[in-house]
Amino acid sequence: MTVLTTQDLVIDIPGRADGRPLSLRVAPGQRWGVLGPNGVGKTTLLHTLAGLRAPRAGRVLLDDTPLETLKRKRVAQRLALVFQDRQDGFPATVLETALIGRHPFLAPWHREGAEDLLLAREALAALAVDHLADRLVTTLSGGERQRVAIATALAQTPSVWLADEPTNHLDLHHQVAVMKLLRERAGRGAAVVMGLHDLNLAARWCDHLLLLYPDGQHCFGPAEAMLEPTALARLYGQPLTMARVGGAPVFVPADPVPGASDDRP
Ligand SMILES: Nc1ncnc2c1ncn2[C@@H]1O[C@H](COP(=O)(O)OP(=O)(O)OP(=O)(O)O)[C@@H](O)[C@H]1O
């Protein structure tokens, strides 16, 4: 199983000063959440970890090998990225889209075989979109399209999952289903890193958290230690109240201070 490491990594956000270099080790079986306000660099970090963007400084290693020295095909055999948004440039079916997850494993000029087809169909079934196999992805709802994207990553059988807002567009049931799937993958030894906006999803489903601050600072560690209301309020510029439900922390925006003006009409 693959370990993802960053060594003094500085992501490249155009026009922004260098942030504090990040040295992180994501071990097999861990589920990391990346938290921070809009525009802080969560997507940029995930794309840099996937090797799609060059870092400004430092490097990313898959096991002990610098990412930039690996062939893209080799990287794609081990690492999957679920994008936050996607444009479907040409009309492929749902099954054809899931089969893209098998492309890193095909020899040049070879078509997908029975095993690839089986993995793609199983992945679609795991995301409850198998009944849509023959539909064009351009005709899907946002949540259906998101589940097909996750199924495509699942068909890729990665040992590192990078998922940018994996619950984007999903209703509550499917949010839980996707989080359970990622937990199950981690249980089988995959390393999972996901960008999340929902603190409560992070609290419930991540065992480690990386907090990215707008001033370029960061902190990270075991989730329980990072879920500290004062630190999270500073992260989002939003006072928070924490409660516990079934032993798990739950965060809600704090009530406005009595007498202070708020956003209500
Ligand atoms: N090609 C680019 N040119 C200039 N600025 C860019 C470019 N790509 C991204 N940025 C900026 O980099 C910053 C980080 O963007 P990024 O998408 O990584 O943030 P994020 O934390 O994922 O945000 P969100 O929570 O809104 O999804 C943003 O301010 C964005 O406007």
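For the structure, check the block above.
Residues numbered from 1 in each chain as written. Predicted model: local features only at pLDDT ≥ 70, side-chain atom pairs only at ≥ 80, totals over all residues. Heavy atoms only, no water.

Visitor: For this particular structure, what's the right way to read the pairing of strand β2 (residues 22–26)?
Guide: Working note: regular strand, side chains alternate between the two faces of the sheet. Because side chains alternate across β2, one face comprises the buried residues L22, L24 and V26, and the other comprises S23 and R25, none of which is buried. As paired strands, strand β1 (residues 4–10) and β2 are joined by 4 bridges and run antiparallel to one another. When the bridges of β2 are listed, L9 appears paired with L22. (Buried < 20%, exposed > 50% of the residue type's maximum accessible area, 1.4 Å probe, protein only. Helix = DSSP H or I, 4+ residues; strand = E, 2+ residues; numbered from the N terminus. Pairing = 2+ DSSP bridges.)

Visitor: How should I be thinking about the pairing of β1 in this particular structure?
Guide: For β1, a buried count of 5 out of 7 residues is recorded, marking the element as mostly surrounded by other parts of the structure. As judged from the 5 bridges shared by β1 and strand β4 (residues 57–62), these two strands associate in the antiparallel manner. Bridge pairing in β4 links V10 to A57.

Visitor: How do you make sense of the sheet that holds strand β9 (residues 208–212) when you look at a structure like this?
Guide: Whether parallel or antiparallel, the strands of a sheet pair through hydrogen bonds between backbone atoms. Taken in spatial order, the 6 strands line up as β6-β7-β8-β3-β9-β10 in an open sheet, and their pairing is mixed. The open sheet is flanked by β6 (79–82) and β10 (218–222), the only strands paired with a single partner. Across the sheet, the mean angle from the axis of one strand to that of its neighbour is 15 degrees, orientation sign disregarded. Of the strands in this sheet, β3 (31–35), β6, β7 (160–164), β8 (191–195) and β9 are in contact with helix α1 (residues 42–49), which crosses β7 at around 155 degrees. Each of β6 and β7 touches helix α5 (residues 142–155); the most contacted strand, β6, lies at about 175 degrees to it. (Axes fitted to C-alpha atoms, helices over the stretch in contact; angles between N-to-C directions. Contact = heavy atoms within 4.5 Å.)

Visitor: Would you explain the packing of α5 against helix α6 (residues 172–187) in this entry?
Guide: How two helices pack is summed up by the angle between their axes together with the distance between the axes. Where α5 contacts α6, the axes come no closer than 12 Å and their chain directions differ by 10 degrees. The orientation of α5 with respect to α6, classified from their angle, is roughly parallel. Note on element contacts: α6 touches α5 through H174, V178, L181 and R185, opposite R147, I150 and L154. Residue composition of the contact of α5 with α6, grouped by class: 4 nonpolar, 1 polar and 2 charged. (Parallel < 35°, antiparallel > 145°, perpendicular 65-115°, else oblique. Nonpolar A, V, L, I, M, F, W, Y, C, P; charged D, E, K, R; others polar.)

Visitor: Teacher, can you tell me more about the site of the ligand here?
Guide: The ligand sits among 14 residues. The nearest are G39, G41, K42, T44 and H197. Here N38 contributes a side-chain N or O atom positioned 3.0 Å from an oxygen atom of the ligand. One of the backbone N or O atoms of G41 is found 2.9 Å from an oxygen atom in the ligand. Summarising the interface, the protein chains cover 59% of the accessible area of the ligand, which totals 640 Å² for the free molecule. Taken together, the residues that form the shell around the ligand break down as 4 nonpolar, 7 polar and 3 charged. (Near = heavy atom within 4 Å. Polar contact = N/O pair within 3.5 Å; in protein donor to acceptor, adjacent residues only side chain to side chain. Areas by Shrake-Rupley, 256 points an atom, 1.4 Å probe, with all protein chains shown as cover.)

Distances and angles like these do not, on their own, reveal function.
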